[in-house]
Amino acid sequence: MKKTTKLFGAAVLGALAASSCCIAPVLTLIVGSSSLATTFSWLEPARPFFIGFTVLILAYAWFQKFKGSPKDACDCPTVKQPTIFKSTATLIVLTLFSGLMLSFPLYSMWFYPNSQHQATTISHTATTVDLKIKGMTCEACSQHIAHELNQLQGVLQTTVSYANGNAKISFDATQISTEELEQTIQSIGYKTQIK
């Protein structure tokens, strides 16, 4: 039983570690402290290893579940009532949970409200800047950056692209500066550079 429990624990930890760089911004959005998101950004380079580790552990757990049952001295299969940690239902739930955690970047945008400022009139002080952003690892990162920028007074429109690694921001230059935009992005764990 201890071996199976360790397998389940390792699979859950692997799935959580692999998704922590993407889930942390959403959790900090819920908690309200965006500076906490940078706490997990150091795990991002290891994400592929955590994903591989989780898949291997789950594959091994499924292999152990379906390999032949042990035989006793008379060559008869021993039948025992499986404990909760050895049940197929637990393994199914764990596999589904791990799959949800590993695929989180695909549906993370559902957790970010659309807080785009609607500009009724564009004044002569409206400026657009195109920032190159380093450190985005998935679509959840672009949603996180857009959400933080849209909270700032003076930001009119924000388009953040994970695929292009940039953010195009229209803002009122009398209310906020390019440096403040860059500082906001850097405060949540990303590096910026004006294109």
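Everything numeric here is computed off the predicted structure, so don't read it as measured data.

Draft legend 1. View of the overall build of the chain. Check the secondary structure of the chain and you find 6 helices and 4 strands. For the chain, the sequential pattern of α-helices and β-strands runs α-α-α-α-β-α-β-β-α-β. Here the chain, with 195 residues, has 39% of them falling under the buried criterion. A separation of at least 24 residues holds for 71% of the contacts in the chain among residues at least 6 apart in sequence. By element, 63% of the accessible surface of the chain is carried by carbon and sulfur atoms, the whole surface being about 11500 Å².

Draft legend 2. Inspection of the sheet that holds strand S1 (residues 126–134) at higher detail. A sheet is described by the order of its strands in space; here 4 strands give the open sequence S2-S3-S1-S4, paired in antiparallel fashion. Every interior strand has two partners, whereas the edge strands, strand S2 (155–161) and strand S4 (191–194), have only one. Geometrically, the sheet is characterised by an average inter-axis angle of 25 degrees between neighbouring strands, direction not taken into account. The sheet contacts of helix H5 (residues 139–150) involve S1, S2 and strand S3 (166–172), and relative to S2 the element is tilted by about 170 degrees. Contacts from helix H6 (residues 178–187) reach S1, S2, S3 and S4, with the element oriented near 155 degrees to S4.

Draft legend 3. Region of interest: the nonpolar core. Core analysis: the biggest nonpolar cluster contains 21 residues, and Ile145, Ile169, Leu181, Ile185 and Tyr190 have the highest contact counts within it. Elements with a contribution of two residues or more to this core: S1, H5, S2, S3 and H6. Residues in contact with leucine 181, not counting those within four places in the same chain, are Val129, Leu149, Leu152, Val155, Ile169, Phe171 and Ile176. The next biggest cluster of nonpolar side chains, apart from the first, holds 9 residues, and it includes Phe8, Ile57, Leu58 and Leu94.

Draft legend 4. Expanded view of the side chain of threonine 192. Here threonine 192 lies in strand S4. What makes threonine 192 buried here is its relative accessible area of 15%. A distance of 2.9 Å separates a polar atom in the side chain of threonine 192 from a polar atom in the side chain of glutamine 186. Beyond its immediate sequence surroundings of up to four residues, threonine 192 is in contact with Lys132, Ile133, Glu182, Ile185 and Gln186.

Draft legend 5. The arrangement of the confidence of the model for the chain in detail. On average, residues of the chain score 76 in pLDDT, and 67% of them are at 70 or above. No element of the chain has a lower mean pLDDT than helix H1 (residues 2–31), at 68, and none a higher one than S3, at 93.

Draft legend 6. Local environment of H5. A rise of 1.5 Å per residue sets the reference length of H5, with its 12 residues, at 16 Å; its end C-alpha atoms lie 17 Å apart and thus fit the reference within 8%. Taking burial as the measure, the 12 residues of H5 include 10 buried ones, the bulk of the element. All buried positions along H5 are accounted for by Ala140, Cys141, Ser142, His144, Ile145, Ala146, His147, Glu148, Leu149 and Asn150.

Draft legend 7. Quick look at the packing of helix H2 (residues 47–66) against helix H3 (residues 88–102). Look at H2 against H3: their axes get within 11 Å of each other, and the N-to-C directions meet at 165 degrees. The angle between H2 and H3 falls in the class roughly antiparallel. Crossing of H2 over H3 shows left-handed handedness. Along its contact with H2, which presents Arg47, Ile51, Thr54, Leu58, Ala61, Trp62 and Lys65, the element H3 presents Thr88, Leu91, Ile92, Leu94, Thr95, Ser98 and Leu102. Of the residues contributing to the contact of H2 with H3, the split by class is 8 nonpolar, 4 polar and 2 charged.

Draft legend 8. Quick peek at a nonpolar patch on the surface. A cluster of nonpolar side chains, namely Met109, Trp110 and Phe111, defines an oily patch on the protein surface of about 360 Å² accessible area. Among the structural elements, tryptophan 110 can be located in the loop between helix H4 (104–107) and S1. Owing to a relative accessible area of 68%, tryptophan 110 belongs among the exposed residues under this scheme.

Draft legend 9. Looking closely at H6. For H6, the complete set of buried residues consists of Thr178, Leu181, Glu182, Thr184 and Ile185. Down the axis, H6 shows its buried residues gathered within 160 degrees of arc, on one side only. What points out from H6, more than 90 degrees from its buried face, is the exposed set Glu179 and Gln183. Glycine 189 sits one or two positions beyond H6 and adopts a positive phi of about 105 degrees.

The rules behind the values
Residues numbered from 1 in each chain as written. Predicted model: local features only at pLDDT ≥ 70, side-chain atom pairs only at ≥ 80, totals over all residues. Heavy atoms only, no water. Helix = DSSP H or I, 4+ residues; strand = E, 2+ residues; numbered from the N terminus. Buried < 20%, exposed > 50% of the residue type's maximum accessible area, 1.4 Å probe, protein only. Contact = heavy atoms within 4.5 Å. Areas by Shrake-Rupley, 256 points an atom, 1.4 Å probe, with all protein chains shown as cover. Pairing = 2+ DSSP bridges. Axes fitted to C-alpha atoms, helices over the stretch in contact; angles between N-to-C directions. Core = buried A, V, L, I, M, F, W, Y, C linked by side-chain atoms within 4.5 Å. Polar contact = N/O pair within 3.5 Å; in protein donor to acceptor, adjacent residues only side chain to side chain. pLDDT = per-residue confidence, 0-100. Expected span 1.5 Å × (residues − 1). Parallel < 35°, antiparallel > 145°, perpendicular 65-115°, else oblique. Left-handed = near helix turned anticlockwise from the far one by under 90°. Nonpolar A, V, L, I, M, F, W, Y, C, P; charged D, E, K, R; others polar. Patch = residues over 30% accessible without salt bridge, like charges linked within 9 Å, V, L, I, M, F, W, Y side chains within 5 Å. Salt bridge = Lys/Arg side-chain N within 4 Å of Asp/Glu carboxyl O. Arc of directions from axis to C-beta.

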